[in-house]
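Structural overview for review
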Amino acid sequence: MGSMLARSAALSIATAGALVMIAASGRTRDVPLPGPGPRPRVEPIAGLDDATDAGCERCHAEIAAEQAGSLHRSAWTNDYFARAYALEPAPFCRKCHAPGADPAREPSLAEKHAGVGCTSCHVAGDAVVGARGAAAREGGHAVLGDPRLATAAACGGCHQFSFPGPPGAATGPMQDTLGEHARSIGAATPCQQCHMPEVQGAGGATHRSHAFQVQGDRAMLGRAVTVTRASLDRGLVRVTLAPGAIGHAFPTGDLFRRVEVRAYPVDSAGRRLAAGSVAVLERTFSATPVGHDALVQVERSDTRLAAATSSDPASREITLVVPATTRRAHYAIVWQRLSPTLAARLGLTMHDQETLVIEGDVSR
Ligand code: HEC
Ligand code: HEC
Ligand code: HEC
Ligand code: HEC
Ligand code: HEC
C-alpha cells in the first residue's frame, strides 16, 4: 500500500463522560458523548421493545428519511470509503464508519447499512439521550437530557482525531475540524446551527434536520467562500478569496479533501482558448519514520483557506498564470472529494467527485 493512501494503523479515542443531572429525581449519572464504537448498551433501553436503529426509524419517520440520504447513513457503503477500506481494512476504521458494530470483527450487513445510525449518537447505557430531557410520554419514551448534544462536543468524538503512532509518540491531527472551529471567530456558533438547521415537518412542528448535506450541495458549499475581488492583468488572473459563513477551514474534514482554483483564457463566447493554471487548497502529508519500525504521517503543508479569527480575516489573493496575450479569462473554484491521482488509483471517475462552487469571468 502506498504511503499516500495510508490513513493510519491503530487508534484509540477516549469518549469523555459527563455527569448529567436527571431533572425529575435530582440524581446525576455519567453519560458518554456520541463517538466511535463500540458503544456499551444496557437493555432494556428507555423501556423500548426495539431500541435498534430500525426501531428508532419506525417512530421517527421524518428524521429517519433525512438520515437515510446522509453520508452518516452511507458511512460504510459509499463508493469512496468502500474502496479506501478495501486497501486498508483496519479495525480502527470500523469504530467511526460502523460505530454500531464491534470493531474487533467485520461489521454484519445490517451494521454496514446502518452506518452512523441513531443509536450511535442517541443511546448511552440504558438511556435515549437528547439535548433536553423529557419524561416518558404516551407512545414515546423517557429522554435523558445532555445539553452537550447541542454543542461541538457532540461531533468531536468522530470529527477530531490524530494520526495513530507508536505508544507515546505525539502525532498531529488527521482531521482537525473542531480545532479549526475552536480557533475561529465562529467558535461560539455550534456545528448544529449550520449542519442541523431547523426544518418544518409535515405536521407543522420543527425539528433539527438530520440530512447533514455537504458533498454535491452547491448551495451549502457556496456558503463557505466568497470572491471579494477578481482581475486580469498582463498574464495574471488574481482572485481574492474570503471565508463565508463557515465555522472551520475550507475545505475541512477528511485529510484528502481539496479545492482547485482554476483560470484559463476564453473567447467572448466563453470557449476555452488555451491551457491556464491551477492553485490547490489542500493539506499534504508524508510518512516519516519514528523509532525503529514505525511510520507516522506528518503534515507538510496546509494551503487551505483558514477560518477567520478575531485578529485575521483570513482573506487571501490567489494568483494564476495565463498566456500574456489573454484579453478575457474564466476562473472557477471547484471542491474535490479527493485528488485526481488518488481517484485514478481507486478507480473512481473524478467528474463524479467534484462540485463547482463559484465561477466568473475577468477581462482587460
Ligand atoms: C414507540 C415509538 C418510538 C420509538 C421506538 C422511539 N421513539 Fe423517540 N420519541 C417518540 C416520541 C412519541 C417522542 C416525543 C415526541 C417527539 O419529540 O417526537 C420521542 C422523543 C425522542 C427524542 C427527544 C425529542 C426532543 O424533542 O427533544 C429523541 C432524541 C428520541 N426520541 C430519539 C429516539 C431514538 C434514538 C430511538 C431509538 C433508540 C427512539 N427515539 C425510539 C417515539 C419513539
Ligand atoms: C451524528 C449524530 C446523530 C445521528 C446519527 C442522529 N442524531 Fe438525532 N440528534 C443529534 C443531535 C446532536 C441532536 C440535537 C441537536 C440540537 O438540539 O442542537 C439531535 C436531535 C434529535 C431529535 C430531536 C429533534 C428536535 O430538534 O426536536 C430527535 C427526535 C432525534 N435526534 C432522533 C434521531 C433519530 C431517530 C436518528 C436516526 C434516524 C438520529 N436522531 C440520528 C445527533 C444525531
Ligand atoms: C459516531 C461518529 C460520528 C459522529 C458522532 C458525528 N459524525 Fe459526522 N460523520 C461521521 C463519518 C464517519 C462521516 C463520513 C462518512 C463518509 O462519507 O464516509 C461523517 C460525515 C459528516 C459530514 C459530511 C457530510 C457531507 O455530505 O459531506 C458532516 C457535515 C458531518 N458529518 C457533520 C457532523 C456533525 C455536525 C456532527 C455533530 C452533531 C457529527 N457529524 C457527528 C461520523 C460521525
Ligand atoms: C457557520 C457555519 C458552520 C459551522 C458553525 C460549522 N460548519 Fe461545517 N461546514 C460549513 C460549510 C459552509 C461547509 C462546506 C464547505 C466545506 O466543505 O469546507 C461545511 C463543511 C463541513 C464538513 C464536510 C466536509 C467534507 O468535505 O465533506 C464537515 C464534516 C463539517 N463541516 C463539520 C463541522 C463540524 C464538526 C462543526 C463544528 C465543530 C462545523 N462543521 C461547524 C459551515 C459550518
Ligand atoms: C475517529 C473517527 C474516524 C476514523 C478512526 C476513521 N475515519 Fe474516515 N472519516 C471520519 C469522518 C468524521 C469523516 C468525514 C469527514 C468529511 O466529511 O470530510 C471521514 C471520512 C472518510 C473518507 C471520505 C469519505 C467521503 O465520503 O468522502 C474516507 C475514504 C475515509 N474516511 C476512510 C477511512 C479509513 C480507510 C479509515 C481507517 C484506515 C478511517 N476512515 C478511519 C472519521 C473517521
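Model, not experiment: these values are computed from the prediction.

Parameters and conventions
Residues numbered from 1 in each chain as written. Chains lettered and ligands numbered in written order. Predicted model: local features only at pLDDT ≥ 70, side-chain atom pairs only at ≥ 80, totals over all residues. Heavy atoms only, no water. Pairing = 2+ DSSP bridges. Helix = DSSP H or I, 4+ residues; strand = E, 2+ residues; numbered from the N terminus. Axes fitted to C-alpha atoms, helices over the stretch in contact; angles between N-to-C directions. Near = heavy atom within 4 Å. Polar contact = N/O pair within 3.5 Å; in protein donor to acceptor, adjacent residues only side chain to side chain. Nonpolar A, V, L, I, M, F, W, Y, C, P; charged D, E, K, R; others polar. Domains from an automatic or database assignment. Contact = heavy atoms within 4.5 Å. Buried area = accessible area lost by both parts, 1.4 Å probe. Salt bridge = Lys/Arg side-chain N within 4 Å of Asp/Glu carboxyl O. Donors = N, O, S within 2.8 Å, 3.2 Å for Na, K, Ca; no water. Tetrahedral: all angles 85-135°; square planar, octahedral: opposite > 155°, others 65-115°. Buried < 20%, exposed > 50% of the residue type's maximum accessible area, 1.4 Å probe, protein only. Phe/Tyr/Trp six-rings, centres within 6.5 Å; stacked < 30°, edge-to-face > 60°.

1. Side note on the sheet that holds strand β11 (residues 236-243)
Strand order in the open sheet made by the three strands is β10-β11-β15, with antiparallel pairing throughout. For this open sheet the edge positions go to β10 (225-233) and β15 (316-321), each flanked by a neighbour on one side alone. Across the sheet, the axes of successive neighbouring strands diverge by a mean angle of 20 degrees, strand direction being ignored. Relative to β15, β11 is paired through six bridges, and the arrangement is antiparallel. Each bridged residue has a counterpart across the sheet, and for Leu 236 the counterpart in β15 is Val 321.

2. Considerations on the site of ligand 4
With respect to spatial proximity, 27 residues lie near ligand 4, and among them Cys 191, Cys 194, His 195, His 248 and Arg 257 are the closest. Contact distances for ligand 4 include 2.8 Å between a nitrogen atom and a side-chain N or O atom of His 195. Taking His 248, its side chain carries an N or O atom lying 2.9 Å from a nitrogen atom of ligand 4. Of all elements in the fold, only α7 (153-159), α8 (177-183), α9 (191-195) and α10 (218-222) reach the threshold of two or more residues within the shell around ligand 4. Residues that form the shell around ligand 4 fall into these classes: 16 nonpolar, nine polar and two charged.

3. Structural notes on the domain arrangement of the protein
With domains assigned, the protein is organised as domain 1 (17-151 + 190-208) and domain 2 (218-363). A separation of 34 Å is found between the C-alpha centroids of domain 1 and domain 2. Each partner contributes to the interface: domain 1 provides nine residues, whereas domain 2 provides twelve residues. Summing both partners gives a buried area of about 790 Å² for domain 1 against domain 2, and 57% of it is carried by carbon and sulfur. Across the contact surface, domain 1 and domain 2 share one salt bridge. For Asp 79, the salt bridge is made with Arg 337, and the minimal N-O distance between the two is 3.1 Å.

4. What about the side chain of Arg 283?
By the element assignment, Arg 283 lies in strand β13 (residues 277-290). Within the structure, the side chain of Arg 283 is placed 2.5 Å from the backbone oxygen of Pro 173, a separation counted as a polar contact. Side chain to side chain, Arg 283 and Glu 299 meet in a polar contact 2.8 Å long. In contact with Arg 283, other than residues within four places in its own chain, are Pro 173, Met 174, Gln 175, Leu 255, Glu 299, Ser 301, Asp 302 and Arg 304.

5. So, the sheet that holds strand β4 (residues 127-130)
Ordered in space as β3-β4-β5, the three strands form an open sheet in which the pairing is mixed. The open sheet is flanked by β3 (123-124) and β5 (144-145), the only strands paired with a single partner. The pairing of β4 with β5 spans two bridges and is classified as parallel. Opposite Gly 130, over in β5, you have Gly 145 as the bridge partner.

6. Digging into the coordination of the iron atom of ligand 5
For the iron atom of ligand 5, the sole protein-derived donor is His 97 (NE2), lying 2.2 Å away. Following the sequence through the fold, His 97 ends up in helix α4 (residues 91-97).

7. Observations concerning the coordination of the iron atom of ligand 4
Around the iron atom of ligand 4, the protein contributes the donor atoms His 195 (NE2) and His 248 (NE2), which lie 2.0 Å from the metal centre. Coordination geometry of the iron atom of ligand 4: the six donor atoms subtend angles of 87 to 179 degrees at the metal centre, consistent with an arrangement described as octahedral. Remark: His 248 occurs in the loop between β11 and β12 (258-265) and His 195 occurs in helix α9; sequence separation between them is 53 residues. Look at His 195 and you get partly exposed, because its relative accessible area is 26%. On the accessibility criterion, His 248 (14% relative accessible area) is buried.

8. Points about the packing of aromatic side chains
All chains considered together, the criterion is met by four aromatic pairs. Ring plane angle 20 degrees and centroid distance 5.6 Å describe the contact between Phe 81 and Tyr 85, whose orientation is recorded as stacked. Note that Phe 81 and Tyr 85 are positioned in helix α3 (residues 79-87) at a spacing of four residues, about one turn of the helix. By the burial criterion, Phe 81 is buried, and Tyr 85 matches it. Taken together, the ring pairs connect Trp 76, Phe 81 and Tyr 85 into an aromatic cluster.

9. Observations concerning the side chain of Ser 184
The residue Ser 184 is located in the loop between α8 and α9 in this model. In terms of polar contacts, Ser 184 uses its side chain to reach the backbone carbonyl oxygen of His 181, at 3.0 Å. Among residues more than four places away in sequence, those in contact with Ser 184 are Gly 247, Ala 307 and Ala 308.

10. Topic: the site of ligand 3
What surrounds ligand 3 is a group of 22 residues, the closest being His 72, Asn 78, Cys 155, Cys 158 and His 159. Between a nitrogen atom of ligand 3 and a side-chain N or O atom of His 72, the distance comes to 2.8 Å. In this structure, Val 214 approaches ligand 3 through a main-chain N or O atom, which is 2.9 Å from an oxygen atom. When contributions to the shell around ligand 3 are tallied by element, the ones reaching two or more residues are α4, α7 and α9.

11. A look at the environment of Val 129
Take Val 129: it is sitting in strand β4. Given a relative accessible area of 4%, Val 129 falls into the buried group. Each C-alpha atom of the pair Val 129 and Ala 46 lies 9.5 Å from the other, and the pair is 83 residues apart in sequence. The contacts of Val 129, once residues within four sequence positions are left out, are Val 31, His 122, Ala 124, Val 143, Leu 144, Asp 146 and Leu 149.

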